[in-house]
Amino acid sequence: MGSGKELLLLGLLGMLGKCFSECGEGFSRISGVCVDTNECEEDPRQCGEDTKCFNTNGSFYCQCSQGFRNVDGMVNFTDGQCKDINECTDRDGICGPAANCFNLIGSYKCTCHFGYTNNTSQGNCTDIDECNEAEIKKEDLCGVKGTCENSAGSYHCKCSEGYTNYGKESTPCSALDCDSFKGNGGPAPVLGGLADILSMMRNSCLALSNPSAAGEGNPDGDALLKKLFTATKAILSPGQLDSSEDVSGLLSTVENAIMLIGPQLKDNRTKIQTSETDADIAVQRGKTPPTGPIHLTTENATLDTDWTTAAGTGSYPGFALAALLSYKNLEKSVNWSFDELTGHEKDGVNPSFQISSRVVSVVVSNPSTQNLSRSVNITLRHLQDVQESANLNYICAYWTERGTWSTDGCYQQHSNAKHTVCTCEHLSSFAVLMALYPIKHTFGLQLVTKIGLIISLLCLILCILTFKFCRSIQGTRTTIHLHLCICLFMADLVFLAGISQTKPVAGCRFVAAMLHFFFLGVFTWMLLEGVQLYRMVVLVFNTNIRPLYLFIIGYGTPLVIVIISAIIRPNEYGTDQHCWLSLKDGLIWSFYGPVCFIIILNVFFFIVTVWKLAQKFTSLNPDLSNLHKIKAFTVTAIAQMWVLGLMWVFGAFLFQEGTTAAAYIFTILNSLQGALVFIMHCLLSKQVREEYAHFFSCICTPQKRYSDFSSTNPSSSQSQGSRSGQHTGESKI
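A.B. asks: Could you give an account of the packing of aromatic side chains, naming the residues involved and the relevant values?
C.D. replies: Taken as a whole, this structure holds 14 aromatic pairs when the rule is applied. Three or more aromatic residues joined by ring pairs make a cluster, and in this case those are Phe519, Phe523, Trp580, Trp589, Phe591 and Tyr592.

A.B. asks: Would you mind going over the pairing of strand β8 (residues 107-112) in detail, with residue names and values included?
C.D. replies: For strand β7 (residues 99-104) and β8, the ladder comprises six bridges, and the chain directions are antiparallel. Its bridge partner being in β8, Ala99 is matched across the sheet by Cys112. Connecting β7 to the next strand, β8, in antiparallel fashion are two residues, including Gly106 with a positive phi near 85°.

A.B. asks: So what's going on with the pattern of salt bridges? Which residues, and what values?
C.D. replies: The final tally for this structure, using the stated rule, is nine salt bridges. For Glu340, the salt bridge is made with Arg402, and the minimal N-O distance between the two is 2.8 Å. Of the two residues, Glu340 is situated in the loop between β19 (319-327) and β20 (352-355) and Arg402 in the loop between β23 (392-399) and β24 (405-406); the sequence distance between them amounts to 62 residues. Between Lys418 and Asp385 there is a salt bridge whose closest N-O contact spans 3.2 Å. Taken together, the positions of Lys418 in the loop between β25 (410-415) and β26 (419-424) and Asp385 in the loop between β22 (376-381) and β23 put the pair 33 residues apart, joining distant regions of the chain. Its relative accessible area of 45% is what places Asp385 among the partly exposed residues.

A.B. asks: Can you explain the state of the cysteines? Please cite residues and give values.
C.D. replies: The full count for this structure, using the stated rule, is 14 disulfides. Here Cys95 is linked by a disulfide to Cys110, with a sulfur-sulfur distance of 1.8 Å. Note on the Cys95 and Cys110 pair: the S-S dihedral is about -80°, so by sign convention the disulfide is left-handed. Placement of Cys95 in the loop between α3 (87-90) and β7 and of Cys110 in strand β8 is noted, with a sequence separation of 15 residues between them. The two residues Cys95 and Cys110 agree in class, both being buried.

A.B. asks: An account of the pairing of strand β21 (residues 359-364) is needed here, citing residue identities and associated values.
C.D. replies: With respect to burial, β21 is a largely interior element, six of its six residues being buried. Pairing analysis gives six bridges linking β19 to β21, with the strands arranged antiparallel. Among the inter-strand pairings, Leu325 is bridged to a residue of β21, identified as Ser361. Direction of pairing for β21 relative to strand β27 (residues 429-436): antiparallel, over a ladder of two bridges. Counterpart to Ser361 in the pairing with β27 is Ser429.

A.B. asks: A description of the packing of helix α10 (residues 476-498) against helix α12 (residues 547-568) should follow, citing residues and the corresponding values.
C.D. replies: Put simply, α10 and α12 touch, their axes get as near as 12 Å, and they point 25° apart. Classified by the angle between their axes, α10 and α12 sit roughly parallel to one another. In this structure, the crossing between α10 and α12 has a hand that is right-handed. From α10, Thr476, Thr479, Ile480, His483, Ile486 and Cys487 reach across to α12, where they touch Leu550, Phe551 and Tyr555. The class makeup of the residues in the contact of α10 with α12 is six nonpolar, three polar and no charged.

A.B. asks: Residues and numbers for the sheet that holds β25, please.
C.D. replies: Taken in spatial order, the five strands make up an open sheet running β17-β18-β22-β26-β25, and their pairing is antiparallel. A single partner strand is all that each edge strand has here, and the edge strands are β17 (293-297) and β25. For this sheet, the mean angle separating the axes of adjacent strands, direction not counted, is 20°. Sheet topology note: the β25/β26 ladder contains five bridges and is antiparallel.

A.B. asks: Describe a negative patch on the surface, listing the residues and the values that go with them.
C.D. replies: On the surface, a cluster of negative charge is contributed by Asp127, Asp129, Glu133 and Glu139. Within the secondary structure, Asp127 is located in strand β10 (residues 126-127).

A.B. asks: Would you mind going over a nonpolar patch on the surface in detail, with residue names and values included?
C.D. replies: A grouping of Leu559, Val560, Ile563, Ile564, Ile567 and Ile568 is seen on the molecular surface, where their side chains present a nonpolar patch of about 570 Å² in accessible area. Considering the arrangement of structural elements, one finds Ile568 in helix α12. Residue Ile568 is classed as exposed on the basis of its relative accessible area of 53%.

A.B. asks: I'd love a proper account of the side chain of Thr423, names of residues and values included.
C.D. replies: Inspection of the secondary structure assignment puts Thr423 in strand β26. The exposure class of Thr423 is buried, given its relative accessible area of 15%. At 3.1 Å, the side chain of Thr423 forms a polar contact with the side chain of Gln413. Leaving out residues up to four positions away in the same chain, Thr423 has contacts with Ser375, Val376, Asn377, Gly409, Cys410, Tyr411 and Gln413.

A.B. asks: Report on unusual backbone geometry, specifying residues and quantitative values.
C.D. replies: Note the cis peptide between Lys503 and Pro504, where omega equals -5°. With respect to the element layout, Pro504 can be found in the loop between α10 and α11 (505-538). We note that Asp50 has phi near 55°; this positive angle belongs to a residue other than glycine. Looking at the element boundaries, Asp50 is found in the loop between α2 (39-42) and β3 (51-56). Backbone geometry places Lys138, a non-glycine residue, at a positive phi of 60°. Residue placement: Lys138 occurs in the loop between α4 (130-136) and β11 (146-151).

A.B. asks: If you had to explain the environment of Gly556 to someone new, which residues and values would you point to?
C.D. replies: Inspection of the secondary structure assignment puts Gly556 in helix α12. Looking at Gly556, the relative accessible area reads 25%, which means it is partly exposed. For the pair Gly556 and Thr524, spaced 32 residues apart in the sequence, the C-alpha separation amounts to 9.7 Å.

Rules of the game
- Residues numbered from 1 in each chain as written.
- Predicted model: local features only at pLDDT ≥ 70, side-chain atom pairs only at ≥ 80, totals over all residues.
- Heavy atoms only, no water.
- Phe/Tyr/Trp six-rings, centres within 6.5 Å; stacked < 30°, edge-to-face > 60°.
- Pairing = 2+ DSSP bridges.
- Helix = DSSP H or I, 4+ residues; strand = E, 2+ residues; numbered from the N terminus.
- Salt bridge = Lys/Arg side-chain N within 4 Å of Asp/Glu carboxyl O.
- Buried < 20%, exposed > 50% of the residue type's maximum accessible area, 1.4 Å probe, protein only.
- Disulfide = S-S within 2.5 Å.
- Axes fitted to C-alpha atoms, helices over the stretch in contact; angles between N-to-C directions.
- Parallel < 35°, antiparallel > 145°, perpendicular 65-115°, else oblique.
- Left-handed = near helix turned anticlockwise from the far one by under 90°.
- Contact = heavy atoms within 4.5 Å.
- Nonpolar A, V, L, I, M, F, W, Y, C, P; charged D, E, K, R; others polar.
- Patch = residues over 30% accessible without salt bridge, like charges linked within 9 Å, V, L, I, M, F, W, Y side chains within 5 Å.
- Areas by Shrake-Rupley, 256 points an atom, 1.4 Å probe, with all protein chains shown as cover.
- Lys, Arg positive; Asp, Glu negative; His and termini not counted.
- Charge placed at Lys NZ, Arg CZ, Asp CG, Glu CD.
- Polar contact = N/O pair within 3.5 Å; in protein donor to acceptor, adjacent residues only side chain to side chain.

Bear in mind that shape data such as this cannot, by itself, settle questions of function.
Below is the structure:
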């Protein structure tokens, strides 16, 4: 019993000793003494990310770092999470009115507006006095005639009269030359519509140069550009310009207008197109000159240069401009004035020239366009895909202020059948020219032409004398043959004397018109011969055609065609190489159109004639003598049409380059015409041979009568008897 009490007392004392030996929570025993435990040091991540840990006696608490807040809104906590505070949205105007606020993780940043500054990343921004700073740095912000005035966050330049910053207030003032749009002494009174452009641009220029008139009558650049191209279209739409002065006036006016309009355009790149023009305009603005490449394109041209070349090395006006303008039909008005093109001889022969591309103008803000720091490359598309050859070279040329083409400072870099790349050391209006060299074997061809045409002319003279004075064959067919030979004689004579006489131009055009008239006359009289043969076979009575009607049709029809053609396309009569119809613009069809129509009609008449002849030969009582004559007439007429038609098949290629064989064939056939007409209508005619025999007999032995010529054939006797005034049946035909 006593031992049990001792054991109970001993256990109670052990428990009390244990309790008094342990420290409380947040404390730890060190050397038998309970001291505070620093939870923040023991576990740095005790409070989590973006927090601060604070130790207390026997415990700790957490607070969010600056720029963060507790998700539960508590300031002190032992368990929670902190998130970033967006100062830009929580605190309106934290950066002030002249800055933009950008939130950062745990903070924020203020970025000043353009024209303001701040020494720190936070706080209000203050205005920069650009005018004062420029004066201190001795910089010229507004140009010589501009006054700098500071404004909140910026500045503006106040320009003197005669100067403008094109509505861009922070751009230096540039001088305006409104007198360039006066047109005094220029082409404005001559070229219709140009005066309207000059007036419109002058008014716009004056509005820009007068600060007190700002906003009055001063349309924006895009609207003004549309008006310019609409007015240009009105000038070019009616057709080609009449003189080089008109062309120069239009080109310079449009270039000056683009220089004035370009800085007013809203966009940095503007493209505009009409039925007559196509333009690509680029503008760069800024305090410093722009750099980098420029690539402008239109439908028919490409410009490759750089902004340094476009802006120039002189004073920078606050903008740089580059424009490429292509005229879609102007080449027709400048296909002359090649007098200054020298140095292109080949084998001692000077070429003729033709425009082979659209005319393009290049405009830049660089005032020194005649002496560029770097060359520019202009790629021009050809009007026709033709490869260079021994007879054809492509040349890069520009339009001078004198109204002529020149190649100074422009060189061909590369050329193929489709386009030519030109490298130029100055800027103006450009085009690619074709240098066309005469076809080879010139001497031989001229020799064949002259000899053949002289023979043809002699034969035609004999034909004309025969048809005029041989009374036994007089009739409608003889009248037709007479005037056919007259037309052919005149055509060959003019061809021989004037086909190559290209100077003066007026004389060349007259020669081309005469050739047009007389060659059409040949085919018209040939048509009348086919009509007459048709009437002889189909009609029984009244087969003849009155001479008045023959003359009206034979000469009136060609005359009407030539007059209409000359009125519509007067400048297409005569080329640089030959006095004939130009192969451009379709004028050549005023010849080939009627010729093809006549040949088709004659083929129809000859088919009907041969068919009717075949029917009559198989009839019961054919008039064989008369039918054989008509048959002979038909054969000679068909042969004549075949020779004339075949000649002009090759004549279609006569005035093109590289067609030597066609030129020889045309010349030979043209030379044979007179001889063939003489052989078919004179030497193969028995009556004409008898007349020749009688004529020569009278010259050799005028006292003797050669009646034996007529004794061989009754028809011959009738022919001899008819010399007293009676006609045979053939003469009536």
